[in-house]
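Each chain, written out:
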Amino acid sequence: MNNRLAFSEAPGIEHLRFANSFANAFADSPAAYTRLAPTPLPAPYLVAASEQAAQLIGLTPAACGSDDFIQTFSGNRAAADSQSLAAVYSGHQFGVWAGQLGDGRAILLGDVAASDGGRLELQLKGSGSTPYSRMGDGRAVLRSSIREYLCSEAMAALGIPTSRALSVIGSDQLAMRERPETTAVVTRMAPSFVRFGSFEHWYYNNRPEQLKTLADYVIAGFYPELQAAANPYQALLAEVTRRTAHLMAQWQAVGFMHGVMNTDNMSILGLTLDYGPFGFMEAYDPRHICNHTDQQGRYAYNQQPQIGHWNCFALGQALLPLIGSVEQTEAALSNYQALYGAKLDELLHAKLGLLTHQADDDKLLDAMFALMQGSHVDFTLFFRRLGNLRLDGSGGDETLRDLFIDRAAFDAWALQYRARLKLENSQDHERKLVMDASNPKYVLRNYLAQTAIERAQEKDFSEVRKLQQILENPFDEQPQHAQYAELPPDWARGLEVSCSS
Ligand code: AMP
Ligand code: MG
């Protein structure tokens with residue numbers, strides 16, 4: 001008889017119990033996924049692990065550095081009970097139907113219990129080729145793995161829905177990109193990795209029964225409240241439309257640019273998903289394109305909201321056979337603009353410390369963005385420093401004013417802004433508290449990521465870890481880290497990020 005207590009003071013990964021909910025739900029749909037094991041990663045080492053992400057699945061910080069952890073999340077050792085797989089999906093890339101894509105370098109390990117009572121799927125990214133790899137090698141380079149890791153955790157700390165990143169495990173194995181680069185595996189976590197493109201896959205392959213299985217799986221698992229709706233598929237589309245509209249507003253309000261908003265990168269849960277050539281707005285230009293590969297600017301900053309809507313239409317097209325009619329489908333999509341506008345309005349009011357809504361607020365905001373554009377003002381610094389402005393004009397705003405080339409134009413705007421604040425009897429101290437909780441001091445600027453990546457490529461991972469910790473509290477002053485909130489240095493101007501990763 002085994003009478004050892006199933007108890008450990010430091011729960012390690014041996015305590016993770018993998019279920020295979022996705023695999024089981026599609027067990028009768030062999031075309032939905034391919035069961036396979038990750039390709040081993042030679043001589044893996046820990047680059048970084050997020051303690052906050054680990055906590056979400058009940059892992060202690062001590063468990064994160066263990067050999068067990070490294071072996072499991074490099075894909076070298078199968079976790080007990082895990083039936084790993086790669087899933088199929090399709091999608092529209094840059095507005096064009098791209099046909100079948102799928103997990104070309106991601107492998108789903110299964111789902112585990114989350115500390116909040118829900119469940120989280122764990123997925124290895126960069127863990128070797130799959131039947132969906134097409135021309136790719138199934139690997140991810142250290143550079144892009146660090147970027148995904150840092151940004152996933154930074155977005156979560158900003159309060160923006162996102163997949164999470166548990167760890168980056170590196171290796172000296174090389175993959176060929178523009179030049180040879182070392183590879184890594186990121187472990188991502190989300191309740192589900194189903195994408196808009198997962199639905200499009202069955203629709204365009206004319207497989208209505210598979211489409212229904214997928215929609216029923218998503219509704220039962222992630223939107224159970226919709227089961228009672230008169231038309232649950234229409235309700236699903238309406239809810240995904242709402243979440244997507246809100247997500248777009250949150251991206252715009254923090255200056256986040258995704259870079260590759262293809263339908264295969266759109267989460268059915270409304271999460272930020274598939275971090276590639278993303279960026280945060282620095283010198284404000286609404287037409288800014290963060291992805292060097294996107295020469296037409298389809299996914300420029302100011303295009304994101306309407307692309308979000310376009311992508312919901314693509315999902316609506318795929319769900320049409322289940323919803324039943326074009327009219328019902330269009331009705332589910334029709335609130336997007338209003339939902340987006342209302343959410344953005346709410347977020348911008350908070351960013352300006354405005355508690356009420358007045359008729360002329362749009363004019364004040366338009367004038368502000370025009371000024372920011374004219375002076376190429378840094379997006380994050382502007383909003384953070386705006387919180388220091390005092391109503392009686394007794395200073396506090398010198399460093400804010402310094403951001404503008406045209407100081408007189410700024411002064412004129414600041415007069416209007418002060419008048420607007422007085423209208424609602426705004427109090428400096430209270431307003432600053434609200435504004436500091438809405439305007440992050442720290443975001444993942446490209447140059448910060450780049451510095452951490454270059455150090456990591458020299459095997460010094462301290463900067464990745466430090467940066468991740470700073471970005472865990474983006475709204476806190478953290479005076480000891482103030483240089484991480486500064487403008488990008490001159491060398492960063494030439495930084496380019498592209499789809500190559
Ligand atoms: P992305 O643009 O990163 O969202 O990728 C689009 C598609 O290409 C997805 O199906 C990815 O799995 C696949 N893919 C991207 N990079 C690779 C790679 N290095 N090896 C295999 N598949 C890849
Ligand atoms: Mg993708």
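Conventions and cut-offs
- Residues numbered from 1 in each chain as written.
- Chains lettered and ligands numbered in written order.
- Predicted model: local features only at pLDDT ≥ 70, side-chain atom pairs only at ≥ 80, totals over all residues.
- Heavy atoms only, no water.
- Near = heavy atom within 4 Å.
- Polar contact = N/O pair within 3.5 Å; in protein donor to acceptor, adjacent residues only side chain to side chain.
- Areas by Shrake-Rupley, 256 points an atom, 1.4 Å probe, with all protein chains shown as cover.
- Domains from an automatic or database assignment.
- Contact = heavy atoms within 4.5 Å.
- Buried area = accessible area lost by both parts, 1.4 Å probe.
- Axes fitted to C-alpha atoms, helices over the stretch in contact; angles between N-to-C directions.
- Helix = DSSP H or I, 4+ residues; strand = E, 2+ residues; numbered from the N terminus.
- Parallel < 35°, antiparallel > 145°, perpendicular 65-115°, else oblique.
- Left-handed = near helix turned anticlockwise from the far one by under 90°.
- Nonpolar A, V, L, I, M, F, W, Y, C, P; charged D, E, K, R; others polar.
- Salt bridge = Lys/Arg side-chain N within 4 Å of Asp/Glu carboxyl O.
- Buried < 20%, exposed > 50% of the residue type's maximum accessible area, 1.4 Å probe, protein only.
- Arc of directions from axis to C-beta.

### With respect to the site of ligand 1
Part 1 of the argument: Around ligand 1, the structure places 16 residues, and the nearest of them are Gly 102, Gly 104, Arg 134, Gly 138 and Asn 265.
Part 2 of the argument: Within the contact set of ligand 1, an oxygen atom lies 2.8 Å away from a side-chain nitrogen or oxygen of Arg 134.
Part 3 of the argument: Between ligand 1 and Asn 265 there is a distance of 2.9 Å, counted from an oxygen atom to a side-chain nitrogen or oxygen.
Part 4 of the argument: In isolation ligand 1 has 480 Å² of accessible area, and contact with the protein removes 80% of it.
Part 5 of the argument: Split by domain, the residues of the shell around ligand 1 number at least three in each of domain 1 (3-193) and domain 2 (197-346).

### Focus: the domain arrangement of the protein
Part 1 of the argument: One can read the domain layout of the protein as domain 1 (3-193), domain 2 (197-346) and domain 3 (354-436).
Part 2 of the argument: The C-alpha-based centres of domain 1 and domain 2 are spaced at 23 Å.
Part 3 of the argument: Contact residues are listed per partner, giving 36 residues for domain 1 and 37 residues for domain 2.
Part 4 of the argument: A combined buried area of about 3,100 Å² lies between domain 1 and domain 2, and 64% of that area is made up of carbon and sulfur atoms.

### Side note on the packing of helix H12 (residues 361-374) against helix H13 (residues 379-386)
Part 1 of the argument: Where H12 meets H13, the closest approach of the two axes is 11 Å, and the angle between their N-to-C directions is 130°. Between H12 and H13, the interaxial angle falls into the category oblique. Of the two possible hands of crossing, H12 and H13 adopt the one that is right-handed. Across the interface between the two elements, Met 368, Phe 369 and Met 372 from H12 touch Phe 379, Phe 382 and Phe 383 from H13.
Part 2 of the argument: The residue inventory of the contact of H12 with H13, partitioned by class, reads six nonpolar, no polar and no charged.

### With respect to the pattern of salt bridges
Part 1 of the argument: With the rule as written, the count across this model stands at 31 salt bridges.
Part 2 of the argument: When the shortest N-O distance is used, the salt bridge between Lys 212 and Asp 216 registers 2.8 Å. Of the two residues, Lys 212 and Asp 216 both sit in helix H7 (residues 208-222), four residues apart, roughly one turn of that helix.
Part 3 of the argument: Judged by relative accessible area, Lys 212 falls into the partly exposed class, the value being 40%.
Part 4 of the argument: When the shortest N-O distance is used, the salt bridge between Lys 363 and Asp 360 registers 3.7 Å.
Part 5 of the argument: The exposed category is assigned to Lys 363, whose relative accessible area is 59%.
Part 6 of the argument: By relative accessible area, which is 49% here, Asp 360 ends up partly exposed.
Part 7 of the argument: One network of salt bridges, with partners in common, ties together Lys 125, Glu 148, Arg 188, Arg 195 and Asp 274.

### A look at helix H16 (residues 428-436)
Part 1 of the argument: Those residues of H16 that sit buried are Arg 431, Met 435 and Asp 436. End-on, the buried residues of H16 take up no more than an arc of 125°, which puts them together on one face. Counted as exposed and oriented over 90 degrees from the buried face of H16: His 429, Glu 430 and Leu 433.
Part 2 of the argument: Against the buried residues of H16 lie helix H11 (336-351), H13 and helix H15 (407-423).

### Observations concerning the packing of helix H6 (residues 196-204) against helix H9 (residues 304-323)
Part 1 of the argument: The geometry of H6 relative to H9 is characterised by a closest axis approach of 9 Å and an angle of 40° between their N-to-C directions. What the angle tells us is that H6 and H9 run oblique. Of the two elements, H6 crosses H9, and the hand of that crossing is left-handed. Mapping the contact onto sequence places Phe 196, Phe 199, Glu 200, Tyr 203 and Tyr 204 in H6 and Asn 311, Cys 312, Ala 314, Leu 315, Gln 317, Ala 318, Leu 319 and Pro 321 in H9.
Part 2 of the argument: Residues that form the contact of H6 with H9 fall into these classes: ten nonpolar, two polar and one charged.

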